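Residues per chain, in single letters:
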Amino acid sequence: MIEIINLRKGYKSNGKYTIAVGGISLTIPEGKFISVIGPSGAGKSTLLRLINGMIQADAGSVRIDGEDITSAKGKRKRKIQRKIGMIFQDFCLVRNSTVLQNVLNACLAEMHLFSVLFGIFSAKNKEKAVKILERVGMADQIDQPAVSLSGGEQQRIAIARAIMQEGKILLADEPVASLDPVNANSILNLMKSLQNEKNMTVIMNSHNVEQALKYSDWIIGMNSGRVVY
Ligand code: ADP
């Protein structure tokens, strides 16, 4: 369960103060598919980044299964963050690394410095990554560099990396905004099946009301940093 309590975040830039998230409270039960919709600048990305602790809140808190990620630091914060996978519109893969290496990168946080520096992953993790790549339909391209793949394929790898992390939560920031309709639907179907198979909680930012209606259990409408629906 994710509990968001009176969460606030503002930005100061060029002498101007913008409230990106202006006091949001929400409770999201485990296993739901939620879409956050709203115009550009509504605060959707800021909300997702606050949920996984990528940015610091000005006030309020986010509790993941009862643990406050907003006040957590160091090891404790990283432990909570491991429960949360995130995918982005521009995929955020290591472009010149192979498909397999990109998925294995999900393990870096748990590895010793020596193994990280030399890219030494355990046979167990490699086996697990291959199984996940089979699940997302990318097992045939395991040794391809990520940069050589189509947008839809790159997003499958990003999802595989999130599954590798074994998190129970998948945050998706406009995950299909740069894909054609066929690839967009296949990625959304993959996300939906993860919800059903693994009881994952999915929170997706979207501009697309039709897609949100088709795939979500709940829709949250945001505007000017507030929940309006
Ligand atoms: P959305 O994802 O709905 O498009 P964002 O969360 O990206 O909205 O942005 C909400 C508001 O916060 C916008 O007005 C945006 O310009 C501002 N904002 C977001 N990130 C920053 C930043 N790093 N610095 C300054 N302003 C920002």
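Scroll up for the structure.
Please read all numbers here as calculations on a predicted model, not as lab measurements.

**Student:** For this particular structure, what's the right way to read the overall build of the chain?
**Tutor:** Regarding its fold elements, the chain presents 8 helices and 10 strands. Seen through its C-alpha atoms, the chain measures out along the principal axes to roughly 45 × 40 × 35 Å. Buried positions account for 48% of the 229 residues belonging to the chain. Excluding contacts between residues fewer than 6 apart, the proportion of contacts in the chain whose partners are at least 24 apart in sequence is 72%. If you sum the accessible surface of the chain, you get close to 11400 Å²; carbon and sulfur atoms cover 51% of it.

**Student:** Whenever I open this one, the site of the ligand confuses me. Can you help?
**Tutor:** The environment of the ligand is made up of Tyr11, Thr18, Ala20, Pro39, Ser40, Gly41, Ala42, Gly43, Lys44, Ser45 and Thr46. Backbone polar atom of Ser45 to an oxygen atom of the ligand: 2.8 Å apart, as the coordinates give it. Put simply, the parts of the chain that give the shell around the ligand at least two residues each are strand E2 (16–28) and helix H1 (44–51). For the shell around the ligand, the element with the highest residue contribution is H1, accounting for 3 residues. Tallied by class, residues from the shell around the ligand come to 4 nonpolar, 6 polar and 1 charged.

**Student:** Would you explain the nonpolar core in this entry?
**Tutor:** Nonpolar side chains in soluble globular proteins tend to end up buried together. By size, the foremost hydrophobic cluster in this structure holds 40 residues, and its most contacted members are Leu133, Ile157, Ile159, Met164 and Met191. Put simply, the parts of the chain that give this core at least two residues each are helix H3 (99–104), helix H5 (123–135), helix H6 (151–164), strand E7 (169–173), helix H7 (181–198) and strand E8 (201–206). Top contributing element to this core by residue count: H6, with 7 residues. When sequence neighbours within four positions are dropped, the list of residues in contact with Met191 reads Phe33, Ile87, Ile159, Leu170, Ala172, Pro175, Val202 and Met204.

**Student:** Mind showing me how you'd approach the side chain of Asp68 here?
**Tutor:** Tracing the backbone shows Asp68 in strand E5 (residues 67–68). One buried charge, Asp68, has no salt-bridge partner; the nearest side chain with opposite charge is Arg63, at 4.8 Å. In this structure the side chain of Asp68 is engaged in a polar contact, spanning 2.4 Å, whose partner is the side chain of Thr70.

**Student:** What is the right way to read the sheet that holds strand E1 (residues 2–13) from this model?
**Tutor:** Sheet strands line up and pair through hydrogen bonds in the backbone, either parallel or antiparallel. One open sheet holds the 4 strands; their spatial order is E2-E1-E4-E5, and the pairing between them is antiparallel. If you trace the sheet from one side to the other, it starts and ends with E2 and E5, each paired once. Bridge count between strand E4 (residues 59–64) and E5: 2 bridges; the pairing is antiparallel. Bridge pairing in E5 places Arg63 opposite Asp68. Strands in contact with H1 are E1, E2 and E4; relative to E1, the strand with the most contacts, it is inclined by about 120°.

**Student:** Whenever I open this one, unusual backbone geometry confuses me. Can you help?
**Tutor:** Trans peptide bonds make up most of the peptide bonds, and negative phi angles are found at most residues other than glycine. In this structure, Asp65 is a non-glycine residue whose phi angle is positive, near 45°. Its place among the elements puts Asp65 in the loop between E4 and E5. Of note in the backbone geometry, Phe91 takes a positive phi value of approximately 70° without being a glycine.

**Student:** Just to check I follow, could you spell out the pairing of strand E6 (residues 84–88) for this structure?
**Tutor:** Moving residue by residue along a regular strand, the side chains alternate between the two faces of the sheet. Burial within E6 is extensive, with 5 of its 5 residues counted as buried. A two-sided burial pattern is seen for E6, the buried positions comprising Ile84, Met86 and Phe88 on one face and Gly85 and Ile87 on the other. One ladder, built from 5 bridges, connects E6 with E7; its direction is parallel. In the sheet register, Ile84 faces E7, and the bridge partner there is Ile169.

Quick notes on the rules
- Here, residues in each chain are numbered from 1, in the same order as that chain's written sequence.
- Only residues with pLDDT of 70 or above have their local features reported here, since the model is predicted, and side-chain atom pairs are shown and tallied only from 80 upward, although totals for entire chains, interfaces and linings are computed over all residues.
- Only hydrogens and water are set aside when side-chain values are computed; all heavy atoms of the structure are taken into account.
- The secondary structure listing takes helices from DSSP runs of H or I that are at least 4 residues long and strands from runs of E that are at least 2 residues long, numbered from the N terminus.
- Burial status follows relative accessibility: with a 1.4 Å probe on protein chains alone, a residue under 20% of its type maximum counts as buried, one over 50% as exposed, and anything between as partly exposed.
- Residue contacts are defined here by distance: any two heavy atoms, one from each residue, within 4.5 Å place the two residues in contact.
- Per-residue and other accessible areas were derived by the Shrake-Rupley procedure at a 1.4 Å probe size, with only the shown protein chains allowed to occlude residues.
- Only a single heavy atom is needed: when it lies within 4 Å of a molecule or strand, its residue is near that molecule or strand.
- The term polar contact refers here to a pair of N or O atoms within 3.5 Å; inside protein, the definition further demands a hydrogen-donor-capable atom paired with an acceptor-capable atom, and it admits residues adjacent in sequence only when both atoms are side-chain atoms.
- Following the grouping adopted for this structure description, the nonpolar residues are Ala, Val, Leu, Ile, Met, Phe, Trp, Tyr, Cys and Pro, the charged ones are Asp, Glu, Lys and Arg, and the polar ones are all others, Gly among them.
- Working definition of a nonpolar core: buried Ala, Val, Leu, Ile, Met, Phe, Trp, Tyr and Cys residues. They are joined through side-chain atoms within 4.5 Å.
- This count recognises Lys and Arg as positive and Asp and Glu as negative, with His and chain-terminal groups excluded.
- By salt bridge we mean one thing: a side-chain nitrogen of Lys or Arg within 4 Å of a carboxyl oxygen of Asp or Glu.
- Any two strands are treated as partners once DSSP identifies two or more bridges connecting them.
- Structural elements are reduced to axes, namely lines fitted to C-alpha atoms, with helices fitted over the stretch in contact, and the angle between N-to-C directions of any two is expressed from 0 to 180 degrees.

So yeah, pure geometry; function would need other evidence.
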